[in-house]
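Architecture and fold: a report
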Amino acid sequence: MNTAVAKDSPSAPSAPQAQGPWAEAARMFARNPSAIVGSVLLLIVILVSVVGPWVHPVDPFEIVAAPMTPPFTEAEVWLGTDYLGRDVLITMIYGGRATLLVGAVAALLSVTIGITLGATAGFYGGRIDNLLMRITEFFQVLPALLFAMVVVTLFGPTIVTVTLAIGIVSWTGTARLTRAEFMKVRGMEFVRAERAIGARNARLIWKVILPNALPPLIVSATLAIGAAILFEAGLSFLGLGDPNLMSWGLMIGSSRQYLLSSWWAVTFPGAAIFVTVLAVSLIGDGLNDALNPKLRER
C-alpha cells in the first residue's frame, strides 16, 4: 500500500533555500529602477572623472582658445571656453576627480566621527552619553557652512583643509542615528548572551552591535557623499576652494561674474553636480528600501 511519496522522488519539489538578509537586500536593490539609474549615472561620472585624465593628459588651467567661445561652435572646444579661454569640457573632466575625492573622503571622515561618538554614547549611556550629546548639540547648533568657512579661512584654502572642514561640521546627524540604533540593539538577547560569555566592550560595540546597526548607517553614509559634494561646491563658489586644483565648484565660482555672457561655463559644471548628487540620492533611496525590512513589502 503506497501511501507516501518517497523523499527522493523526482515529483517532490525541493524547498527553496532561505536567503540571507544581505542577499535579499541586494536582490531588492537590483529590482529598484531608480537605484539602478542612480548607480549607472554615478558609475559614468566616476569613469569619466578617473579615466579621462589618463586618456587625455592635459593641463586643465591651459588657455586653448578665445575666451567665452560658445559651446557646439568649434570642434576643438566642444563645450566652449570660460572667461579665460580654458576648455570647459577638459576642466569638467579634471574637476570631477577633485570634487568626487573631496566628497568621498569628507563623507568618510564625517561618518567615522559620527559612528565613533554615537556608538560610544549609545553603548555606555549615563554621563558619557550626556557629555557626548552635549558636544553633538554644540556642533549641531553652529551654522555648518559658516563654521566650515571659518576653518578654511584660518588654515588656508587647500583641498586637505576643505575636506577636513566638511567632515568636521557634518557628523552630527550620523552620531545621533548611531546612538539611537545602539540604544535599540544593546538590550537584545544576542547582546546579553555575548556579554554573559565574557565578551569585552570593544567586541560588543564593533563586532556584535555595529553589524546589526549598519543598514541605516550605510544609507546615511551614502547621502553624506552628496552633501559633501554640495558643501565643496558652496565653499568654492564663495572663493574658499583650493585655487590650485580644478573642481566643479571652482569652475562655478570663478565664472559666476560672467553668468549672462558665458552661461555654459556655469551651467555645465552645475549640471554635473546636479547629476552626481541626484545619482547618490537615488542610490541612497534604493539602499533605504532594500535594507529596511518594513519597506520590502511595498
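Our subject in this report is the structure included herewith. (Residues numbered from 1 in each chain as written. Predicted model: local features only at pLDDT ≥ 70, side-chain atom pairs only at ≥ 80, totals over all residues. Heavy atoms only, no water.)

1. What to know about the overall build of the protein
Helix and strand content of the protein: eleven helices and zero strands. Scanning the protein from its N terminus toward the C terminus, one meets helices and strands in the order α-α-α-α-α-α-α-α-α-α-α. Taking 2.2 N^0.38 as the reference for a compact globule, 298 residues should give roughly 19 Å; the C-alpha atoms of the protein span a radius of gyration of 25 Å, well beyond that estimate. When its C-alpha atoms are laid out on the principal axes, the protein stretches across 90 × 60 × 30 Å. Here the protein holds 298 residues, and 43% of them are scored as buried. Considering only contacts within the protein whose residues lie at least 6 apart along the sequence, 70% involve residues at least 24 apart. (Helix = DSSP H or I, 4+ residues; strand = E, 2+ residues; numbered from the N terminus. Rg over C-alpha atoms; globule rule 2.2 N^0.38 Å. Buried < 20%, exposed > 50% of the residue type's maximum accessible area, 1.4 Å probe, protein only. Contact = heavy atoms within 4.5 Å.)

2. Some details on the pattern of salt bridges
Scanning the model with the defined rule gives eight salt bridges in all. Measuring nitrogen to oxygen at the nearest pair gives 2.6 Å for the salt bridge that ties Arg-27 to Glu-24. In this pair, Arg-27 and Glu-24 are both assigned in helix α1 (residues 21–30), three residues apart and thus about one turn of the helix distant. Using a relative accessible area of 33% as the deciding quantity, one classes Arg-27 as partly exposed. Owing to a relative accessible area of 17%, Glu-24 belongs among the buried residues under this scheme. (Salt bridge = Lys/Arg side-chain N within 4 Å of Asp/Glu carboxyl O.)

3. Thoughts on the packing of aromatic side chains
Using the criterion set out here, one finds nine aromatic pairs in the structure. The interplanar angle of 50° and the centroid separation of 6.0 Å between the aromatic rings of Phe-139 and Phe-147 together place this pair among those described as tilted. On the accessibility criterion, Phe-147 (25% relative accessible area) is partly exposed. Seen from their ring centres, Trp-263 and Phe-268 are 6.0 Å apart, and the 55° between their planes marks the pair as tilted. Ring-pair connections join several aromatic residues into one group, and the members of that group are Phe-72, Trp-78, Trp-263, Trp-264 and Phe-268. Lying over the aromatic face of Phe-237, Arg-256 brings its terminal NZ or CZ to 5.3 Å of the ring centre. (Phe/Tyr/Trp six-rings, centres within 6.5 Å; stacked < 30°, edge-to-face > 60°. Lys NZ or Arg CZ within 6 Å of the ring centre and 35° of its normal.)

4. Points about the nonpolar core
Membership of the largest hydrophobic core comes to 19 residues, with the highest contact counts inside it found for Val-88, Met-92, Trp-248, Met-251, Phe-268 and Ile-273. Those elements giving two or more residues to this core turn out to be α3 (88–124), α9 (201–237), α10 (248–255) and α11 (264–291). With seven residues, α11 is the largest single contributor of residues to this core. Formed by 17 residues, the second largest nonpolar core is a distinct cluster that contains Phe-123, Val-208, Ala-213 and Leu-217. (Core = buried A, V, L, I, M, F, W, Y, C linked by side-chain atoms within 4.5 Å.)

5. Here's the deal with a nonpolar patch on the surface
A cluster of nonpolar side chains, namely Leu-43, Ile-46, Leu-47, Val-50, Val-51, Trp-54 and Val-55, defines an oily patch on the protein surface of about 720 Å² accessible area. Locating Val-55 in the fold gives a position in helix α2 (residues 33–55). (Patch = residues over 30% accessible without salt bridge, like charges linked within 9 Å, V, L, I, M, F, W, Y side chains within 5 Å. Areas by Shrake-Rupley, 256 points an atom, 1.4 Å probe, with all protein chains shown as cover.)

6. Description of the side chain of Arg-86
Its place among the elements puts Arg-86 in the loop between α2 and α3. Separated by 2.7 Å, the side chains of Arg-86 and Asp-82 make a polar contact. In contact with Arg-86, not counting residues within four places along its chain, are Pro-60, Phe-61, Glu-62, Val-64, Gly-80, Thr-81, Thr-91, Met-246 and Ser-254. (Polar contact = N/O pair within 3.5 Å; in protein donor to acceptor, adjacent residues only side chain to side chain.)

7. Digging into α9
Helical periodicity: at 3.6 residues per turn, an α-helix aligns residues three or four positions apart in one direction. Taking 1.5 Å per residue as the helical rise, α9 with its 37 residues ought to reach 54 Å, whereas the 45 Å between its terminal C-alpha atoms falls clearly short. For α9, the principal kink sits at Leu-210 and spans about 60°; a proline, Pro-211, occurs within the next four residues. Downstream of α9 by one or two residues, Gly-239 has phi in the positive range, about 85°. (Expected span 1.5 Å × (residues − 1). Bend = angle between axes of the 7 residues up to and from the residue.)

8. Considerations on the environment of Thr-222
Locating Thr-222 in the fold gives a position in helix α9. Excluding residues that lie within four positions of it along the chain, Thr-222 makes contacts with Val-280, Ile-283, Gly-284 and Leu-287.

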